[in-house]
Amino acid sequence: MLISILSWLIGGVLVAAAVVVLGLMLATWRVAARAERLVPACGKFVEFDGNRIHYVEEGEGRPIVFLHGLGAQLHHFRHTLFGHFGAGYRLIALDRPGSGYSVRADGASGRLPEQAEMVRRFIGELGLERPLIVGHSLGGAIALALAVGHPAAISGIALLAPLTHLEERVRQKFDLLYIPSRLWRRVIAYTVAIPASLKYAEPTMKFIFAPQTVPEDYMIAGGGWLGLRPTHFHATSTDVVAVEEDLGRLEQHYGEIAVPAGILFGTEDRVIGIATHGEPMLDKINGLDFERIEGLGHMPQFVEPERVVAFIQRIAARAFAGVT
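Bear in mind that the values here come from a model prediction, so they are computed numbers and not experimental data. (Residues numbered from 1 in each chain as written. Predicted model: local features only at pLDDT ≥ 70, side-chain atom pairs only at ≥ 80, totals over all residues. Heavy atoms only, no water.)

Visitor: Help me out: how do you make sense of the sheet that holds strand E5 (residues 132-136) in this one?
Guide: Neighbouring strands of a sheet are bound in pairs by backbone hydrogen bonds; such pairs are parallel or else antiparallel. Across the sheet, which stays open at both edges, the 8 strands sit in the order E1-E2-E4-E3-E5-E6-E7-E8 with mixed pairing between neighbours. Strand pairing shows two members of the sheet lacking a second neighbour, strand E1 (44-48) and strand E8 (289-293), which therefore form its edges. Looking at each pair of strands side by side, their axes are set apart by 20 degrees on average, direction ignored. In terms of strand pairing, strand E3 (residues 61-67) meets strand E4 (residues 88-94) through 7 bridges, oriented parallel. Note that in E4 the partner of Leu67 across the bridge is Leu94. The strands that helix H3 (residues 112-126) touches are E1, strand E2 (51-58), E3, E4 and E5; relative to E1, the one it contacts most, it runs at about 115 degrees. (Pairing = 2+ DSSP bridges. Helix = DSSP H or I, 4+ residues; strand = E, 2+ residues; numbered from the N terminus. Axes fitted to C-alpha atoms, helices over the stretch in contact; angles between N-to-C directions. Contact = heavy atoms within 4.5 Å.)

Okay, structure coming up:
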């Protein structure tokens with residue numbers, strides 16, 4: 001009798017757990033489907049090495065490639081900056097593998113050298129002649145890895161609030177994304193991650209944009225909805241885990257960077273502090289153009305687009321002067 005009762009109890013618990021998991025998966029699917037309806041793919045695709053990269057481009061002239069940060073997508077540049085450049089530039093923003101509508105190759109690790117190599121291959125696939133690379137946040141670290149590992153492929157780097165140094169405190173701010181197990185990363189992505197992300201989206205966005213306010217059109221025009229999909233969460237978590245593998249070693253090679261380089265940083269950045277990730281670079285890259293903006297947070301392209309474009313164009317003038 002006791003064994004029978006225990007069997008029923010265990011069975012009941014398992015059934016209840018299965019119902020909860022199925023409910024979470026259904027909720028995840030519904031949120032993801034809504035996100036894709038609200039912010040559909042808007043560009044072209046190119047495939048290589050198992051990656052399928054979604055990108056947008058605008059204009060003609062000298063090429064500038066934009067690399068977004070952690071958990072972001074190409075709308076962080078297309079929506080904010082493209083309309084401020086004017087003629088003379090070919091502007092190209094891509095969804096990094098796994099983010100937005102880009103698909104990361106099976107077995108890819110997301111490590112910095114791997115992502116830098118992906119950008120190099122992307123440049124080659126599009127036939128771009130030594131573009132300027134603009135990198136925001138984690139995209140800045142990838143731009144630095146590209147400048148160290150593949151300098152002949154680019155003309156220069158313009159970094160916006162870049163991640164430059166290994167810092168445990170940064171991981172602590174994103175501890176819910178730090179999931180070392182590939183299996184658990186995928187399980188969480190397709191069950192609890194998206195309902196939880198939806199619940200905490202507002203405070204998360206306030207933290208990222210602080211001390212400025214979140215733009216009213218961020219979720220659609222800024223592509224924010226695209227972060228509420230399991231594939232995007234999985235890629236973001238993969239990036240968080242992978243960056244620790246290489247960032248410390250990358251720091252040792254900043255002095256080797258010879259292409260024109262610039263960094264723009266807000267003094268009130270609460271995600272990546274200027275004291276740790278910005279100012280120390282003045283002593284590491286020869287001829288670095290460093291622009292400090294008082295009172296600005298982590299999202300300069302949304303808050304000061306004209307100033308950001310002026311900064312990029314200043315670096316571009318130096319970079320393209322050396323391109324024959």
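Don't stop here, the text continues.
Visitor: Even after reading the chapter, I still don't get the layout of surface pockets, so can you show me in this structure?
Guide: Which parts of space are left empty comes out when a probe the size of a water molecule is rolled across the atoms. Considering only enclosed or pocket space, the second largest pocket measures out at about 430 Å³ in volume. Every residue lining the second largest pocket is counted, 19 residues in all, and those nearest its centre are Arg104, Ala105, Arg186, Thr231 and His234. Of all elements in the fold, only helix H6 (182-189) and helix H9 (230-251) reach the threshold of two or more residues within the lining of the second largest pocket. Its residues placed into classes, the lining of the second largest pocket shows 6 nonpolar, 7 polar and 6 charged. (1 Å grid on protein atoms, 1.4 Å probe; cavity = no way out; pocket = protein on both sides within 12 Å on 5 of 7 lines; lining within 4 Å. Points joined across faces, edges and corners; volume = space filled by probe spheres on them. Nonpolar A, V, L, I, M, F, W, Y, C, P; charged D, E, K, R; others polar.)

Visitor: What's the story with the environment of Phe207 in this structure? I'm lost.
Guide: When you line up the elements, Phe207 lands in helix H8 (residues 201-209). Residue classification places Phe207 among the partly exposed positions, given a relative accessible area of 29%. Along the primary structure Phe207 and Gly297 are separated by 90 residues, whereas in three dimensions their C-alpha atoms are 9.5 Å apart. (Buried < 20%, exposed > 50% of the residue type's maximum accessible area, 1.4 Å probe, protein only.)

Visitor: Please explain H9 as it appears in this structure.
Guide: Think of an α-helix as 3.6 residues a turn; residues three or four steps apart then line up on the same face. Taking 1.5 Å per residue as the helical rise, H9 with its 22 residues ought to reach 32 Å, and the 32 Å between its terminal C-alpha atoms agrees with that figure. Of all bends in H9, the biggest is about 40 degrees, found at Glu244. Within H9, 17 of the 22 residues are buried, leaving the element largely enclosed by the surrounding structure. (Expected span 1.5 Å × (residues − 1). Bend = angle between axes of the 7 residues up to and from the residue.)

Visitor: Would you explain the pattern of salt bridges in this entry?
Guide: A side chain with one charge can pair with a side chain of the opposite charge if their charged atoms come near. What the rule picks out here adds up to 16 salt bridges. The salt bridge involving Asp246 is made with Arg111; its shortest N-O contact spans 2.6 Å. Placement of Asp246 in helix H9 and of Arg111 in the loop between E4 and H3 is noted, with a sequence separation of 135 residues between them. You can call Asp246 buried: its relative accessible area is 7%. Looking at Arg111, the relative accessible area reads 29%, which means it is partly exposed. (Salt bridge = Lys/Arg side-chain N within 4 Å of Asp/Glu carboxyl O.)

Visitor: Quick question: what am I supposed to make of the pairing of E3 here?
Guide: Side chains on a regular strand alternate between the two faces of the sheet. Extensive coverage of E3 is indicated by the burial of 5 of its 7 residues. Relative to E5, E3 runs parallel, the two being bridged by 4 bridges. When the sheet's bridge partners are listed, Ile64 is paired in E5 with Leu132.

Visitor: How do you make sense of the nonpolar core when you look at a structure like this?
Guide: Looking at soluble globular proteins, one finds that nonpolar side chains tend to be buried together. Grouped together as the largest cluster of nonpolar side chains are 47 residues, with contacts concentrated most on Leu112, Phe122, Ile133, Leu144, Ile154 and Ile157. When residues of this core are assigned to their parent elements, the largest contribution, 8 residues, is made by helix H4 (residues 138-149). In contact with Leu112, not counting residues within four places along its chain, are Leu138, Ala141, Ile142, Ala145, Val243, Asp246, Leu247 and Leu250. Ala93, Ala158, Leu160 and Ala316 belong to the second-largest nonpolar core, a separate cluster that totals 26 residues. (Core = buried A, V, L, I, M, F, W, Y, C linked by side-chain atoms within 4.5 Å.)

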